[in-house]
Amino acid sequence: MAFDKELNLEATELRLGLPGTKESEKQPTIAIKSNKRALPNFNEESCGSKENSNASHLIQKRDQEIASPAKAQVVGWPPVRSYRKNCLQLKKMEAEAAGMYVKVSMDGAPYLRKIDLKVYKGYPELLKALEEMFKFSAGEYSEREGYNGSEFVPTYEDKDGDWMLVGDVPWDMFLCSCKRLRIMKGSEAKGLGCAV
Amino acid sequence: MPRMGYSFPEEVLEHVFSFIQSDEDRNAISEVCRSWHDIERWSRRRVFVGNCYAISPTMVIRRFPEVRSVKLKGKPHFADFNLVPEGWGGYVAPWISAMASAYPWLEEIRLKRMVITDESLELISKSFKNFKVLVLSSCEGFSTDGLAAIAANCRNLRELDLGESEVEDLSGHWLSRFPDNYTSMVSLNIACLGWEVSFSALERLVGRCPNLRTLRLNRAVPLDKLANLLCRAPQLVELGTGAYSSELRPDVFSNLSGAFSGCKELKSLSGFWDVVPGYLPAVYPICSKLKSLNLSYATIQSPELIKLVSQCQNLQRLWVLDYIEDAGLDALAASCKDLRELRVFPSDPFGQEPNVPLTEQGLVSVSEGCPKLQSVLYFCRQMSNAALMTIARNRPNMTRFRLCIIEPHTPDYLTLQPLDVGFGAIVEHCKDLRRLSLSGLLTDRVFEYIGTHAKKLEMLSVAFAGESDLGLHHILSGCDNLRKLEIRDCPFGDKALLANAAKLETMRSLWMSSCSVSFGACKLLGQKMPGLNVEVIDERGPPDLRPESCPIDKLYVYRTVSGPRFDMPGFVWTMAENPALRLS
């Protein structure tokens, strides 16, 4: 239909965006939109006096600058139901609040350290953190051979008091059962799954 | 009343009509002639009111005097995402009071997104002697006191389903109000309750209801009590576990495993909050019979999920978190050839970066491997036109397709183009598509495709998309079967809305928030279309204190035969035909 011709949409186009900005610079303004509706700003001609629109322009600019580095959370987006959001939120909060601090010792080191296991999403992250903290390399983990090619081996004491190799059990199970960590010297670690 | 000599007697017609259950067909029957209309209205037993403000309870009762089952929906869908301010409406009280006197034989009440009070629950429990089914889906406004009244008084209750409602949890003892001689429970869903219910009452209830087929527990029911419950109800068809975590103990595990094995009829599993993976193998014995699996609260990783899902060859529905990863979806595609519905929810919806390797590829795999896949809800962080086109070609039988790319305005990650052609392919190939949700970077083009091809589309959700009114115009002028349209944060304004005003009367409702619709246009729409309620929702204050050309915050337009409603809060204005009724 000749919709475009009759209505000449271009001329009266109401666009989302700051007055004077081009179409291409779309992204950041949208995120902060919902917070600043009190000052109408779509179309310079439509609302408010000239002074007002200057002021609102400035405020928008400032907010845009603030908003760009840390994106404002848009209401209701992504569309996750409150019920589900609350469940996730609860989990996150429980995890963050609780914290799971365990002692970490390393053979030959003069003092122990403490780390919060809950901070790590899985074994790779934990091992990296340990390697950085104690300046060692754990080598490659494999189920069959344990940690290959390294002087030091990460182990942990479980609920039963046994010393286990880090990495054998699923991460969640490890979180539940780990009481403390010990980075053992390779020579002592034989028999804990290292290559014979 | 004189009858035509050669027509059937009323009783025969009534008997024939009793085989017609669908509302659409019954509505058609009632339009044939006066006598059919009368016979039909006296014999209609089920009424579904998709928008509780579209008609008044009095009118429903007047037309259908012998109803046994009522289903009502209240707030617009976007209320699920906090876009509808608290107090907007959806109160069921007037319906309950009207029905309490008019329908003494009412058996079923199903509500969605409505506000129901304890008083109403008590009224229900005392007014309907043969009350059997209460389903409260995403409702609010009531407490466990109201539930206690239902438990105490509804002797014939078969189904109590609290859905995902918000219940004020005052006491877990409401469950003990079911009398000792009450044995008719068939379906009980209390998954949404935050605190403990009296476990011994629950156990006894489960034990004495031989017809119990559905039991959805809440998180507070500990895992070590689950085996006990299952042993009392081996006939269960649908189970929602409570928290699925406990210290790994061999005795608890073997009890649980044994209990699951004893449930030969189990076809649906849900719950699985706080999962300890070590306990998952307890359900392996029943996996092959499962048709529906809801793991969307289970924070288990892909390897565990793969092990589980690979054993569910008869799975038809899977709800899961994106922890399943592309790899898990590959496994799903390989193992579950009967899959009809897939929903993948985000584990970290507000994080800036992807936290799991789940991409468009997972969905493509499932679309390839599962020939019966027709319903999809998929949250992800990247998408391409190529992937969408592949999915569309693979699955022309798709009927519900909801894609949520988490970051607004995200383009095709391969070409950096808008995703117009991708979604265009979906609507072009999937000719029976009834529901569609869009996301990503989209221009007016996509709406042209939708208007041209999506002829069976009934519900469309749009966010952060489009460039001009042309987009909205395409939708409203092209989608012949559109019933519900919900839009947020799109540059759609007055022109398309006013040009398609008549279309709005053929739809159930239109929601537009954070768009460019002016107050003036809303007033005009309200004046032009007396058959519509045009609600302006604006928490900033009365819209007439601002220039008419200023955009309003939220617009909710719905057709109605009962005029403006009278229970609006201070931040809602109906644009009525009579200017005197407007504002202040």
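Thresholds, definitions, all that
- Sequence order as written defines residue numbering, which begins from 1 separately in each chain.
- Lettering for chains starts from A, numbering for ligands starts from 1, and both go in the order in which the items are written.
- Only residues with pLDDT of 70 or above have their local features reported here, since the model is predicted, and side-chain atom pairs are shown and tallied only from 80 upward, although totals for entire chains, interfaces and linings are computed over all residues.
- Based on all heavy atoms of the structure, the side-chain values leave hydrogens and waters out of the count.
- By definition in these notes, contact holds between two residues if any of their heavy atoms fall within 4.5 Å.
- Here's the idea: put two parts together, see how much 1.4 Å probe accessible area each one loses, and the total over both is what we call buried area.
- Take a side-chain nitrogen of Lys or Arg and a carboxyl oxygen of Asp or Glu: if they are within 4 Å of each other, that pair is a salt bridge.
- Under this definition, polar contacts are N or O atom pairs within 3.5 Å; protein pairs additionally need one hydrogen-donor-capable and one acceptor-capable atom, and for neighbouring residues in sequence, both atoms have to be side-chain atoms.
- Only DSSP runs of H or I covering at least 4 residues are called helices, and only runs of E covering at least 2 are called strands; the numbering of each starts at the N terminus.
- Residues are grouped as follows: Ala, Val, Leu, Ile, Met, Phe, Trp, Tyr, Cys and Pro are nonpolar; Asp, Glu, Lys and Arg are charged; every other residue, Gly included, is polar.
- For two strands to pair, DSSP has to find at least two bridges joining them.
- Throughout, an axis means a line fitted to C-alpha atoms (over the contacting stretch in the case of helices), and angles, computed between N-to-C directions, take values from 0 to 180 degrees.
- Here is the rule: rings of Phe, Tyr and Trp (six-membered ring for Trp) pair when centre to centre is within 6.5 Å. Planes less than 30 degrees apart are stacked, more than 60 are edge-to-face, and the remainder are tilted.
- Remark: exposure states derive from per-residue accessible area (1.4 Å probe, protein chains only) relative to the maximum for the residue type, with buried under 20%, exposed over 50%, and partly exposed in between.
- Geometric relationships in this document are graded by angle, where less than 35 degrees denotes roughly parallel, more than 145 denotes roughly antiparallel, 65 to 115 denotes roughly perpendicular, and other angles denote oblique.
- What makes a crossing left-handed is the near helix being turned counterclockwise from the far one by less than a right angle; a clockwise turn instead makes it right-handed.

Peer 1: Help me out: how do you make sense of the interface of chain B and chain A in this one?
Peer 2: By convention, interface size is frequently given as the accessible area that disappears when the constituent parts associate. Each partner contributes residues to the interface: chain B has 57 residues there, and chain A has 41 residues. Roughly 4700 Å² of surface becomes buried between chain B and chain A when both sides are summed, with 62% attributable to carbon and sulfur atoms. Viewed at the interface, chain A and chain B are joined by 2 salt bridges. With a shortest N-O distance of 2.5 Å, B:Glu164 and A:Arg81 are connected by a salt bridge. If you look at where chain B meets chain A, you find 8 residue pairs in polar contact (both at pLDDT 80 or more). Per-element accounting of the side of chain B that touches chain A gives the leading share, 3 residues, to helix α18 (residues 469-478) of chain B. In terms of residue class, the side of chain B that touches chain A is made up of 28 nonpolar, 14 polar and 15 charged.

Peer 1: Please explain the sheet that holds strand β5 (residues 152-157) of chain A as it appears in this structure.
Peer 2: Paired through their backbone hydrogen bonds, the strands of a sheet run either parallel or antiparallel. Residue and element names in this part refer to chain A. If you trace the 5 strands from one edge of the open sheet to the other, you get β2-β1-β7-β5-β6, paired in mixed fashion. The strands lining the two open edges of the sheet, one partner per strand, are β2 (113-116) and β6 (163-165). Going from strand to strand, the sheet's axes swing by 35° on average, the running direction of each strand aside. Where β5 meets β6, 3 bridges bridge the pair, whose relative direction is antiparallel. In the strand pairing of β6, Glu157 is matched with Trp163. Along the sheet, helix α5 (residues 123-134) contacts β1 (101-106), β2, β5 and β7 (180-185); its crossing angle with β2, the most-contacted strand, is approximately 155°.

Peer 1: Would you explain the packing of aromatic side chains in this entry?
Peer 2: Within a pair of aromatic rings, the relevant descriptors are the distance that separates the centres and the angle that separates the planes. Applying the stated criterion across every chain, the model contains 24 aromatic pairs over all chains. Relative to A:Trp171, the ring of A:Tyr123 lies with its centre 5.0 Å away and its plane at 85°, an arrangement referred to as edge-to-face. A residue pair is termed long-range when its members are at least 10 positions apart, and A:Tyr123 in helix α5 and A:Trp171 in helix α6 (residues 171-177) qualify at 48 residues. Relative accessible area serves as the criterion here: at 14%, A:Tyr123 is assigned to the buried category. Ring-pair connections join several aromatic residues into one group, and the members of that group are B:Tyr53, B:Phe78, B:Phe81, B:Trp88, B:Trp511, B:Tyr556 and B:Tyr558.

Peer 1: Honestly, the packing of helix α5 (residues 93-102) of chain B against helix α6 (residues 118-127) of chain B in this entry has me stumped. Any pointers?
Peer 2: Any two packed helices are characterised by how steeply their axes cross, that is the angle between the axes, and by the distance between the axes. Residues and elements named next belong to chain B. Packing of α5 against α6 leaves a shortest axis separation of 10 Å and a crossing angle of 20°. With respect to α6, the element α5 is oriented roughly parallel. Remark: the crossing between α5 and α6 carries left-handed chirality. Side by side, α5 and α6 meet where Ala93, Ile96, Ser97 and Ala100 of the first sit next to Ser120, Leu123, Ile124 and Ser127 of the second. Grouping the constituent residues of the contact of α5 with α6 by class yields 5 nonpolar, 3 polar and no charged.

Peer 1: Got a minute to help me understand helix α16 (residues 420-429) of chain B in this structure?
Peer 2: Because an α-helix completes one turn every 3.6 residues, residues spaced three or four positions apart along the sequence face the same direction. Burial of α16(B) is extensive: 7 of the 10 residues sit out of reach of the surface. As for α16(B), its buried residues are in contact with α15 (385-394), β16 (400-405), β17 (435-437) and α17 (444-453) of chain B.

Peer 1: Help me understand the environment of B:Val366 in this model?
Peer 2: Residues and elements named next belong to chain B. Turning to its location among the elements, Val366 is positioned in helix α14 (residues 360-369). For Val366, a relative accessible area of 0% puts it in the buried group. Placed 212 residues apart in sequence, Val366 and Cys154 show a C-alpha to C-alpha distance of 45 Å. The residues touching Val366, leaving out its near neighbours within four places in the chain, are Leu329, Leu332, Ala333, Leu339, Leu342 and Leu373.

Peer 1: Quick question: what am I supposed to make of the pattern of salt bridges here?
Peer 2: Close approach of charged atoms allows side chains of opposite charge to pair. All names here are of chain B. The tally for this structure, following the rule as stated, stands at 34 salt bridges over all chains. For Lys307, the salt bridge is made with Glu304, and the minimal N-O distance between the two is 3.9 Å. Note that Lys307 and Glu304 are positioned in helix α12 (residues 302-309) at a spacing of 3 residues, about one turn of the helix. With a shortest N-O distance of 3.1 Å, Asp432 and Lys456 are connected by a salt bridge. Of this pair, Asp432 sits in the loop between α16 and β17 while Lys456 sits in the loop between α17 and β18 (459-463), placing them 24 residues apart in sequence.

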